4 protein chains.
Amino acid sequence: MGKSEIGIGLVGSGFMGRCHANAFRSVSGLFDVQAEPRLRVLADINDEIARDAAQTLGFEQSTGDWATLVNDKGVDIVAITAPNIFHAPIAFAAIKAGKTVYCEKPLSTTAAIALEMTQAAEAAGIVTMVGFNFQRNPMIKLAREIITSGEIGEVTGFRGRHAENYMFDPNVPHSFRTDIQGGGALADIGSHIISMARYLLGPMAEVQADCRTIHPTRPKSHRTTERAAVEVDDMTHALVRFQSGVSGSLEANWAATARTMDLSWEITGTKGALAFTQERMNELAFWSGQPGRSGYTKIEAGPAHPPYGQFCPAPGHHLGFNDLKVIEVAELLAAHSGGVTCGPDFREAYEVQRTVEAMQQSHASRQWVCL
Amino acid sequence: MGKSEIGIGLVGSGFMGRCHANAFRSVSGLFDVQAEPRLRVLADINDEIARDAAQTLGFEQSTGDWATLVNDKGVDIVAITAPNIFHAPIAFAAIKAGKTVYCEKPLSTTAAIALEMTQAAEAAGIVTMVGFNFQRNPMIKLAREIITSGEIGEVTGFRGRHAENYMFDPNVPHSFRTDIQGGGALADIGSHIISMARYLLGPMAEVQADCRTIHPTRPKSHRTTERAAVEVDDMTHALVRFQSGVSGSLEANWAATARTMDLSWEITGTKGALAFTQERMNELAFWSGQPGRSGYTKIEAGPAHPPYGQFCPAPGHHLGFNDLKVIEVAELLAAHSGGVTCGPDFREAYEVQRTVEAMQQSHASRQWVCL
Amino acid sequence: MGKSEIGIGLVGSGFMGRCHANAFRSVSGLFDVQAEPRLRVLADINDEIARDAAQTLGFEQSTGDWATLVNDKGVDIVAITAPNIFHAPIAFAAIKAGKTVYCEKPLSTTAAIALEMTQAAEAAGIVTMVGFNFQRNPMIKLAREIITSGEIGEVTGFRGRHAENYMFDPNVPHSFRTDIQGGGALADIGSHIISMARYLLGPMAEVQADCRTIHPTRPKSHRTTERAAVEVDDMTHALVRFQSGVSGSLEANWAATARTMDLSWEITGTKGALAFTQERMNELAFWSGQPGRSGYTKIEAGPAHPPYGQFCPAPGHHLGFNDLKVIEVAELLAAHSGGVTCGPDFREAYEVQRTVEAMQQSHASRQWVCL
Amino acid sequence: MGKSEIGIGLVGSGFMGRCHANAFRSVSGLFDVQAEPRLRVLADINDEIARDAAQTLGFEQSTGDWATLVNDKGVDIVAITAPNIFHAPIAFAAIKAGKTVYCEKPLSTTAAIALEMTQAAEAAGIVTMVGFNFQRNPMIKLAREIITSGEIGEVTGFRGRHAENYMFDPNVPHSFRTDIQGGGALADIGSHIISMARYLLGPMAEVQADCRTIHPTRPKSHRTTERAAVEVDDMTHALVRFQSGVSGSLEANWAATARTMDLSWEITGTKGALAFTQERMNELAFWSGQPGRSGYTKIEAGPAHPPYGQFCPAPGHHLGFNDLKVIEVAELLAAHSGGVTCGPDFREAYEVQRTVEAMQQSHASRQWVCL
């Protein structure tokens with residue numbers, strides 16, 4: 001007899017939708033999952049697009065109506081990669097239908113709605129997960145283990161950043177990214193460094209941010225040179241104080257001309273330090289004070305750093321971005337099977353969103369804002 | 001109507017077998033393949049192992065007899081990841097059955113047998129491919145494009161290496177790797193840097209190598225401390241002359257204590273230069289002589305470097321080792337559908353093996369050996 | 001006939017005093033100076049220490065009384081490397097005596113005194129220079145040239161830091177560094193990144209800082225375990241807005257466990273970007289957007305980057321820290337001979353100090369402070 | 001009473017002459033030397049050039065006749081930076097005059113003459129030193145200490161290189177560098193990596209090299225486009241076996257387009273490894289196998305690595321190329337005062353030259369050559 005199955009319903013087939021599909025298809029060949037994911041239904045904006053995507057991505061059925069998917073008996077997990085504005089209605093429906101919900105970040109367009117979603121899921125006892133995929137990296141898990149075990153002593157300082165360059169050109173047009181609701185560099189990628197900082201160092205207590213729109217106008221769309229005002233930040237620098245007392249700074253920047261993926265940080269402790277950048281995601285820099293031999297050690301990912309070994313039995317064979325999504329999905333399946341949330345769930349995503357909004361408020365008020 | 005299908009038969013379910021299975025499962029969600037691979041039959045050393053592996057890796061059927069797989073009507077492509085000694089018999093049978101053959105490196109245990117395999121495949125008009133997966137990297141394709149287009153001028157020098165540390169400990173026991181037939185660092189990983197050098201710079205004309213066994217004995221197996229003599233090289237340094245006149249050096253080393261994947265090279269030309277290491281497989285260093293601004297530029301992989309864009313529409317999202325295998329399989333499927341060999345085929349693998357043996361002969365004779 | 005001479009009087013013979021002496025001894029062999037520096041008088045805390053230091057460092061005379069040095073007819077330039085508290089009285093006396101004044105940073109213990117010193121020097125038409133030596137680096141001069149020439153377009157963002165680890169251990173005792181007047185990480189090394197930011201991007205308009213004392217007590221001295229409270233910052237993170245509108249962040253940190261000299265920054269523009277760290281002071285990272293070939297180019301210091309060529313006619317031969325001081329002294333001698341201030345003078349040092357104090361005020365008030 | 005003095009006579013005032021002069025001027029302010037060097041006489045090709053150079057570099061006297069310098073009573077150390085062809089006659093005269101001899105590399109134009117010079121010096125009991133300055137680097141001394149102490153276990157492999165690009169352009173004209181006697185990349189810079197390999201791993205036993213002239217002709221001089229044949233190598237790759245049994249490879253290359261100072265090596269041992277490049281001369285990469293934490297540690301130069309502390313009491317303040325020459329001169333002065341040769345002396349320089357010639361012979365004969 002084969003394994004039991006878990007039915008997957010995927011809403012959306014863009015960048016992240018494809019990424020989810022790939023992960024669900026690969027996971028059981030790499031991880032020892034309790035039940036095999038079965039790609040049941042793909043929903044997209046209309047029937048035709050959904051049908052084509054289902055065929056490409058290997059789903060059995062398709063629909064132009066996400067409600068059909070959500071209420072499909074064969075669907076156990078609803079994966080949401082639709083535009084941000086649809087996250088809430090789909091999630092509420094899925095929660096109501098008793099499905100496990102796996103949602104891309106940001107959870108919603110405002111922290112208030114995100115809180116409602118969280119409360120609904122918790123009230124219903126639903127397993128949830130939000131796609132902060134960078135945390136799945138074995139090197140990030142290793143960093144957390146090193147911090148938690150006390151190998152770097154008591155943490156004293158943090159300096160983090162998520163900087164990319166996809167909006168550095170003033171002629172990149174408006175899109176959902178620049179929408180006033182939930183848009184801007186801070187919300188879009190600042191959320192990654194905020195969630196990672198929380199994962200490694202715990203919650204923040206106070207923030208003070210300086211948001212800035214570098215390019216005041218952008219073309220209304222790809223099809224016109226007519227320009228409209230930009231109301232979201234291109235770059236935000238923030239001061240942060242963690243509840244633990246650790247202080248630091250944090251940057252979100254989608255106009256960082258030279259950077260494609262500088263999700264990076266340095267964490268300093270009383271006995272050691274760690275540094276990481278997603279630009280070299282298979283490495284972690286670790287400092288421990290050997291007299292006359294001290295310096296950052298470049299730890300390369302390998303089987304000693306779970307779950308790297310699921311992908312390859314030998315060190316030095318890099319994991320890639322899509323592999324992080326496979327890890328996420330493996331953890332999702334385990335949580336679903338066990339009925340216990342394991343990673344960034346709705347509540348965590350709400351906390352991240354609340355932090356983003358606190359930073360925006362601090363910018364507007366030019367005051368520190370407590371969380 | 002769905003896509004047509006290509007039946008896959010996989011022999012072997014170790015590290016590389018899992019890697020093949022994963023690639024066949026993922027490829028159609030990432031690449032626009034003409035026909036969908038269907039995981040038909042998995043063969044392994046006995047029925048039980050084969051059955052378990054088939055279930056884990058998602059194959060429909062299993063068998064303890066590879067001949068059954070090879071002759072299965074539903075199998076169009078035979079993928080060989082069995083121990084090296086079985087490559088030849090399986091391949092000959094598959095060629096006879098008219099199947100496309102996809103074989104892991106080395107093609108066989110001697111160049112002579114590899115040549116027979118090559119001639120058999122060519123006589124039968126069979127599409128073949130051999131798993132020199134590191135060449136599938138978009139950054140390696142980019143390097144070749146830069147060289148071919150003349151951007152670095154006429155090539156003048158080469159310095160290459162494949163260095164890892166999986167055998168640096170004298171207590172790592174004997175295995176197929178240390179078998180006198182086809183074993184040793186030069187054959188095992190030297191073949192990667194040889195094939196990559198050929199891919200980038202063309203065939204070699206003359207070689208002179210110095211092979212060395214660092215640890216003269218190793219435990220007979222994991223289960224004993226009894227030791228037996230090692231008859232293969234742990235480390236080989238070689239001088240090479242290419243047919244183009246370019247000279248250089250090359251190293252194969254599985255006892256390189258600090259290295260997990262230093263498959264690296266620098267290629268110098270009259271106008272520029274390139275450098276690469278698999279340790280940072282998403283980067284290519286490119287030098288062009290801007291006055292006062294010259295230096296190595298760290299090019300990061302992105303959609304400008306096909307087929308990166310199949311995996312992700314944005315730059316900075318790293319590819320991993322397993323993704324290289326997906327690219328390989330996509331190219332295999334295209335070759336199968338088109339009936340035309342596209343990449344390192346049996347003949348190329350034979351040439352690599354012939355070069356390995358020429359190096360071994362040059363060591364034994366202490367003379368330069370012409371190819 | 002030989003060159004004419006410039007008489008040097010040096011006050012202080014510690015780390016910086018030795019560094020000054022070395023620079024004055026070397027400069028005429030490396031730079032084409034108009035007049036040869038002659039090491040006339042060395043002053044230190046008493047006659048004996050001064051005599052020993054004079055002999056070691058090659059000064060003709062010595063004195064335990066700096067006033068004697070300042071009023072010596074043979075002294076043309078007074079170099080001040082005494083403790084911070086003595087900078088003002090020595091400088092005032094030197095100004096009165098009409099001497100060129102070359103003072104280590106910080107200029108004084110408060111911005112108010114620094115302003116008085118500046119006004120006195122300006123009123124007397126005195127040439128002054130302050131030792132912000134890191135700016136003398138050919139790579140920093142190159143960075144400024146690239147920015148000024150518009151090669152990276154309009155500057156959009158800044159992220160800077162000076163992080164070292166000399167105080168990360170809570171058992172490093174109190175010293176002049178932790179003195180409430182002029183002490184703390186922000187004043188001690190934050191001043192370097194502030195002055196460098198000003199050199200590259202112009203003056204700041206507003207700041208908001210978060211200062212923090214990591215180790216609340218330290219031993220009173222090397223000779224006791226008795227501890228006293230620390231009243232200065234170990235680590236400061238700040239938000240900054242430049243007059244140009246550029247925004248960014250800045251860190252000063254002497255408890256950065258893993259860092260010995262991370263005086264580093266990244267500057268982003270609309271067409272390119274630059275990055276630098278003093279940890280690799282002979283390199284500048286420069287990004288310009290070549291399609292498919294973009295990435296940071298590692299420019300290595302060479303004769304194309306003046307005044308590197310004074311030290312070596314070939315590229316790749318690194319300059320060291322002490323060489324930066326030789327450049328500083330060469331520029332000082334040129335300024336003295338020409339009668340025109342050339343680099344960071346008293347006024348610039350005052351502006352840096354004023355910025356430090358504005359940051360401290362912003363921390364105390366938890367408000368943005370305008371400069 | 002001041003220190004006693006050591007009279008310095010310098011022959012030649014080009015790149016290396018200036019470098020010597022600077023080192024002799026600086027050394028007593030940085031190192032605790034027993035006697036102060038006094039810059040007595042500078043000799044160059046004629047009286048006028050010598051006079052100008054003496055004034056610039058701070059020598060008391062000058063002469064157009066090196067014999068005058070060598071026999072000057074006030075000269076204790078004869079420093080030879082004249083063209084290679086003059087090394088022997090000047091050295092023989094200086095030995096005869098009982099002077100300590102400090103000579104730039106290569107010691108002479110042939111190993112045979114170098115041996116005569118060595119025997120003459122040894123017979124006369126003369127202290128000698130040859131300018132293999134890169135060995136003076138505290139990080140190289142640290143590397144040797146780590147190797148000698150057994151921290152990386154038994155050494156198993158070596159891979160070294162000295163690659164620069166000063167001759168990569170075919171229009172760089174002939175000069176002393178391309179002279180058939182003593183010229184070529186192998187002799188010019190290969191000697192550096194050979195001497196460093198010997199310093200770290202001891203003498204070589206056998207070599208096999210492949211020398212190559214990339215640009216068959218070059219302009220006869222800077223003043224003409226007329227071209228003449230090149231008879232020396234632009235690039236040499238060699239296999240080496242050390243007397244200890246260690247094997248490896250070595251490259252000398254002055255046409256390495258992208259490299260300005262890649263004097264680099266990796267040394268592998270049974271328990272650890274080391275890697276270095278002069279491109280980042282203040283760093284040493286050290287691997288030791290901490291389980292799950294292993295990787296190359298980037299050790300940064302600091303006071304823990306003598307004689308770094310002579311230049312600066314704090315880590316992170318880089319040494320530069322000229323500082324290496326100061327260390328060399330400090331060791332020379334100590335050797336002179338103590339009457340005992342301390343570093344690469346004439347015999348060592350002869351051994352290096354003999355190795356160069358053995359490589360050239362092995363290229364000509366296409367055979368391994370024993371040393």
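Scoring rules and cut-offs
- Residues numbered from 1 in each chain as written.
- Chains lettered and ligands numbered in written order.
- Predicted model: local features only at pLDDT ≥ 70, side-chain atom pairs only at ≥ 80, totals over all residues.
- Heavy atoms only, no water.
- Buried < 20%, exposed > 50% of the residue type's maximum accessible area, 1.4 Å probe, protein only.
- Helix = DSSP H or I, 4+ residues; strand = E, 2+ residues; numbered from the N terminus.
- Pairing = 2+ DSSP bridges.
- Expected span 1.5 Å × (residues − 1).
- Least-squares fit on C-alpha atoms with pLDDT ≥ 70 in both.
- Contact = heavy atoms within 4.5 Å.
- Buried area = accessible area lost by both parts, 1.4 Å probe.
- Salt bridge = Lys/Arg side-chain N within 4 Å of Asp/Glu carboxyl O.
- Patch = residues over 30% accessible without salt bridge, like charges linked within 9 Å, V, L, I, M, F, W, Y side chains within 5 Å.
- Areas by Shrake-Rupley, 256 points an atom, 1.4 Å probe, with all protein chains shown as cover.
- Lys, Arg positive; Asp, Glu negative; His and termini not counted.
- Charge placed at Lys NZ, Arg CZ, Asp CG, Glu CD.

Visitor: Give me the pairing of strand β14 (residues 272-277) of chain A: which residues, what numbers.
Guide: Residues and elements named next belong to chain A. Most of β14 sits inside the fold, with 5 of its 6 residues counted as buried. Relative to β14, strand β13 (residues 262-269) is paired through 5 bridges, and the arrangement is antiparallel. Bridge pairing in β14 places Thr 268 opposite Ala 273. The loop that links β13 with its antiparallel partner β14 comprises 2 residues. As paired elements, β14 and strand β15 (residues 283-288) share 4 bridges and run antiparallel to each other. Residue pairing across strands places Gly 272 opposite Ser 288, the latter belonging to β15.

Visitor: Go over helix α10 (residues 346-365) of chain A with me, naming the residues and quoting the values.
Guide: Relative to the 28 Å expected for 20 residues at 1.5 Å per residue, α10(A) spans 28 Å between its end C-alpha atoms, a close match to the ideal helical length. Buried residues of α10(A): Phe346(A), Glu348(A), Ala349(A), Tyr350(A), Glu351(A), Val352(A), Gln353(A), Thr355(A), Val356(A), Ala358(A), Met359(A) and Ser362(A), and no others.

Visitor: Pulling in residues and values, what's your account of the relation of the copies chain C and chain A?
Guide: Two copies of one chain are present, and they are related through a rotation about an axis combined with an axial shift. Once turned by 180 degrees and shifted 0.0 Å along the axis, chain C lies on chain A with an RMSD of 0.0 Å. Within this description, the copies of the chain are treated as partners about a two-fold rotation axis. Scanning chain C for the C-alpha nearest the rotation axis identifies Gln367(C), at a separation of 3.2 Å. An overlap of 100% is found between the interface residues of chain C and their copies at the interface of chain A, pointing to a shared contact surface.

Visitor: Before we move on, can you summarise the interface of chain C and chain A with the specific residues and values?
Guide: Many structure descriptions define interface size as the accessible area lost when the parts assemble. The interface of chain C with chain A comprises 46 residues on the first partner and 46 residues on the second. Taking both partners together, chain C and chain A bury about 3600 Å²; carbon and sulfur atoms supply 48% of that area. For chain C, the biggest contributors to the area lost against chain A are Arg159(C), Arg212(C) and Arg366(C); these three give 19% of the whole. Across the chain C-chain A interface, the total number found is 10 salt bridges.

Visitor: Outline a negative patch on the surface, listing residues and values.
Guide: Residue and element names in this part refer to chain A. Residues Asp 47, Glu 48, Asp 52 and Asp 65 make up a contiguous surface patch of negative charge. With respect to the helices and strands, Asp 65 occurs in the loop between β3 (61-63) and α3 (66-70). Overall, Asp 65 belongs to the partly exposed group, its relative accessible area being 36%.

Visitor: Got a sec to walk through the environment of Phe311(C)? Specific residues and values, please.
Guide: In this fold, Phe311(C) is placed in the loop between β16 (295-300) and α8 (321-338). We classify Phe311(C) as buried; its relative accessible area is 5%. Sequence separation of Phe311(C) and Val352(C) is 41 residues, and the distance between their C-alpha atoms is 30 Å. Excluding residues that lie within four positions of it along the chain, Phe311(C) makes contacts with Leu30(C), Phe31(C), Leu319(C), Asp323(C), Val326(C), Ile327(C) and Asn322(D).

Visitor: Tell me about unusual backbone geometry, and please be specific about residues and values.
Guide: The amide bond that connects Lys105(A) to the next residue, Pro106(A), takes the cis arrangement and shows omega of -5 degrees. Relative to the elements of secondary structure, Pro106(A) occurs in the loop between β5 (100-103) and α5 (111-124). Between Pro306(B) and the following residue, Pro307(B), the backbone shows a cis peptide bond with an omega angle of 0 degrees. Here the phi dihedral of Arg366(B) falls at roughly 55 degrees; this positive angle occurs in a residue that is not glycine. Relative to the helices and strands, Arg366(B) resides in the loop between α10 (346-365) and β17 (369-370). In this structure Arg366(B) comes out as partly exposed when scored by relative accessible area, which is 36%.

Visitor: Can you explain the environment of Glu206(A)? Please cite residues and give values.
Guide: Turning to its location among the elements, Glu206(A) is positioned in strand β8 (residues 204-212). With relative accessibility at 16%, the residue Glu206(A) sits in the buried group. Separated by 55 residues in the primary sequence, Glu206(A) and Met261(A) place their C-alpha atoms 27 Å from one another. Residues contacting Glu206(A), with those up to four places away along its chain left out, are Leu239(A), Val240(A), Arg241(A), Trp368(A), Val369(A), Cys370(A), Leu371(A) and Arg366(C).

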